[in-house]
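The residues making up each chain are set out below.
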Amino acid sequence: MNEQIESYVIESINRAMQTTLNQNTGSRLHTWHVSDFVSPCLRKVRYSKLYPEEFDAKKRAILFTGVILHEHTKLSHFHEVTMCFDIEEDKAMTPQYVSMLPRESTTNVITGTLDDLVRVGEDFVIVDKKTFNGRGYKKTSPDESYKRQLDIYRVLLRESYGIDAKYGCLIYMDKANDLEQTPMSFELTAVDETKRFLRDTLKQLNSSLMPKSTITWLCNKQNREKKCYCPYLEQCEREGRS
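Residues numbered from 1 in each chain as written. Predicted model: local features only at pLDDT ≥ 70, side-chain atom pairs only at ≥ 80, totals over all residues. Heavy atoms only, no water.

K.L.:
Teacher, can you tell me more about the overall build of the protein chain here?
P.N.:
For the protein chain, the helix and strand inventory stands at eight helices and seven strands. Taken over the C-alpha trace, the protein chain has a radius of gyration of 19 Å; the compact-globule value for 242 residues is 18 Å, and the two agree within 12%. Across its three principal axes, the protein chain shows a C-alpha extent of roughly 60 × 50 × 40 Å. Looking at the protein chain as a whole, 39% of its 242 residues are labelled buried. (Helix = DSSP H or I, 4+ residues; strand = E, 2+ residues; numbered from the N terminus. Rg over C-alpha atoms; globule rule 2.2 N^0.38 Å. Buried < 20%, exposed > 50% of the residue type's maximum accessible area, 1.4 Å probe, protein only.)

So, in structure tokens, the structure goes:
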């Protein structure tokens, strides 16, 4: 009987977690996402579109933790706002409109969800929360990919709402140390420069040629566990990992 009870409880909590994820994230739009453009390896992005990873229990738990954190740390009324932008046409679209488009009409569209927009004095600031397992490691500077993420949000925000946020702030929260917070603010890149980056990256992602591989922390195994975090390593090596 104990085993039956425990099995029922596990199944119930997994269903509850999945329900929460469905309610908060829904079905992802069939567009490019900001995470694709800030990935350290564009080949991995292409592989992920061709061979999507299975959504296992570990990924569900990680995403669930993020949803709970973001849902209960609302910094302003402008919170968890999803925006879409056609990079080639240089115009914003509503997520509702994009959801009705056929896939072949969204190949130039990027989607991003902004955590919070706050106002400090006369300036708008894009705030994004990032969790990590420090285990004694202290963040001393913001990750370049996360800074780029906020640069892209600046573009989407200005084109969608006419609001220009010149500053960004990352809040690192250490899961290994009671969510100890380390805020890091910085000036965001000029909109025109970020738009050029978006067009250049889109060209690579939409190309008929496979993007070149980039050896990064995802696959170099230079971490404490000597672990590879890229599920496509073997395929990449077969196709000429540089």
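That covers the picture; the talk isn't over yet.
K.L.:
What exactly am I supposed to notice about unusual backbone geometry here?
P.N.:
Where the residue is not glycine, phi is negative for most of them; where a peptide bond is considered, it is trans in most cases. Residues other than glycine seldom take positive phi values, yet Glu80 does so here, at roughly 55 degrees. Judged by relative accessible area, which is 35%, Glu80 ranks as partly exposed. Of note, the phi angle at Leu179 is positive, near 55 degrees, even though the residue is not glycine. By relative accessible area, Leu179 is classed as partly exposed at 34%.

K.L.:
What is the right way to look at the packing of aromatic side chains in this model?
P.N.:
For any two aromatic rings, the description comes down to two numbers: the centre-to-centre distance and the angle of the planes. Overall, the coordinates contain six aromatic pairs when judged by the stated rule. Ring centres 6.3 Å apart and planes at 40 degrees place the aromatic pair Tyr47 and Tyr51 in the tilted group. Between Trp217 and Tyr229, the aromatic rings sit 6.1 Å apart at their centres with planes inclined by 55 degrees, giving tilted as the arrangement. With Trp217 in the loop between helix H7 (191–206) and helix H8 (233–238) and Tyr229 in the loop between H7 and H8, the pair connects residues that are twelve residues apart, well separated along the chain. When the ring centre of Phe186 is taken as origin, the NZ or CZ atom of Lys147, which lies over that ring, is 5.5 Å away. Sitting over the face of the ring of Phe197, Arg148 holds its NZ or CZ atom 3.8 Å from the ring centroid. (Phe/Tyr/Trp six-rings, centres within 6.5 Å; stacked < 30°, edge-to-face > 60°. Lys NZ or Arg CZ within 6 Å of the ring centre and 35° of its normal.)

K.L.:
For this particular structure, what's the right way to read the nonpolar core?
P.N.:
Phe37, Ile110, Ile126, Ile152, Leu157 and Leu198 are the most contacted members of the largest nonpolar core, which has 34 residues in total. Among the elements that line this core, the one with the most residues is helix H6 (residues 144–161), at six residues. Those residues in contact with Leu157 that sit more than four places away from it in its chain are Phe78, Met83, Leu114, Leu117, Ile126, Gly162, Ile163 and Ala165. (Core = buried A, V, L, I, M, F, W, Y, C linked by side-chain atoms within 4.5 Å. Contact = heavy atoms within 4.5 Å.)

K.L.:
I tried to follow the state of the cysteines on my own but got confused; where do I start?
P.N.:
In total, this model carries zero disulfides according to the counting rule given. The thiol of Cys219 is not disulfide-bonded; the next cysteine sulfur, from Cys228, is found 6.0 Å away. Between Cys228, a free cysteine, and Cys230, which holds the nearest cysteine sulfur, the sulfur-to-sulfur gap is 5.5 Å. (Disulfide = S-S within 2.5 Å.)

K.L.:
In this structure, what is going on with the packing of H6 against H7? I would like to understand it.
P.N.:
Helix-helix packing: each pair is described by the crossing angle between the helix axes and the interaxial distance. Where H6 contacts H7, the two axes come as close as 9 Å, and the packing angle between them is 105 degrees. Comparing their axes, H7 and H6 come out roughly perpendicular. Here Arg148, Asp151, Ile152, Arg154, Val155, Arg158 and Glu159 of H6 come into contact with H7, specifically with Val191, Thr194, Lys195, Phe197 and Leu198. Among the residues forming the contact of H6 with H7, the class breakdown is five nonpolar, one polar and six charged. (Axes fitted to C-alpha atoms, helices over the stretch in contact; angles between N-to-C directions. Parallel < 35°, antiparallel > 145°, perpendicular 65-115°, else oblique. Nonpolar A, V, L, I, M, F, W, Y, C, P; charged D, E, K, R; others polar.)

K.L.:
Would you mind showing me how to read H7 here?
P.N.:
Because an α-helix completes one turn every 3.6 residues, residues spaced three or four positions apart along the sequence face the same direction. If you check H7, its first and last C-alpha atoms are 22 Å apart, about what 16 residues at 1.5 Å a residue would give, namely 22 Å. In this structure, the buried residues of H7 make contact with strand E1 (32–33), helix H2 (34–37), helix H3 (42–50), strand E2 (79–86), strand E4 (109–120) and H6. (Expected span 1.5 Å × (residues − 1).)

K.L.:
What should I look at first to understand the environment of Val118 in this one?
P.N.:
In this structure, Val118 sits in strand E4. Residue Val118 is classed as buried on the basis of its relative accessible area of 17%. Excluding residues that lie within four positions of it along the chain, Val118 makes contacts with Leu75, Ser76, Asp123, Phe124, Val125 and Val127.

K.L.:
Would you mind showing me how to read the pairing of E4 here?
P.N.:
Look at any regular strand and the pattern is simple: side chains alternate between the two faces of the sheet. Within E4, nine of the twelve residues are buried, leaving the element largely enclosed by the surrounding structure. Where E1 meets E4, two bridges bridge the pair, whose relative direction is parallel. Across the sheet, Trp32 pairs through a bridge with Ile110, a residue of E4. In this structure, E2 lies alongside E4, joined through seven bridges in antiparallel fashion. The partner of Phe85 across the bridge, within E4, is Ile110. Taken together, the five bridges between E4 and strand E5 (residues 123–132) define a ladder with antiparallel strand orientation. Across the sheet, residue Val120 finds its bridge partner in E5, namely Asp123. Hairpin connection from E4 to E5: two residues lie between these consecutive antiparallel strands, with Gly121 at a positive phi of about 65 degrees. (Pairing = 2+ DSSP bridges.)

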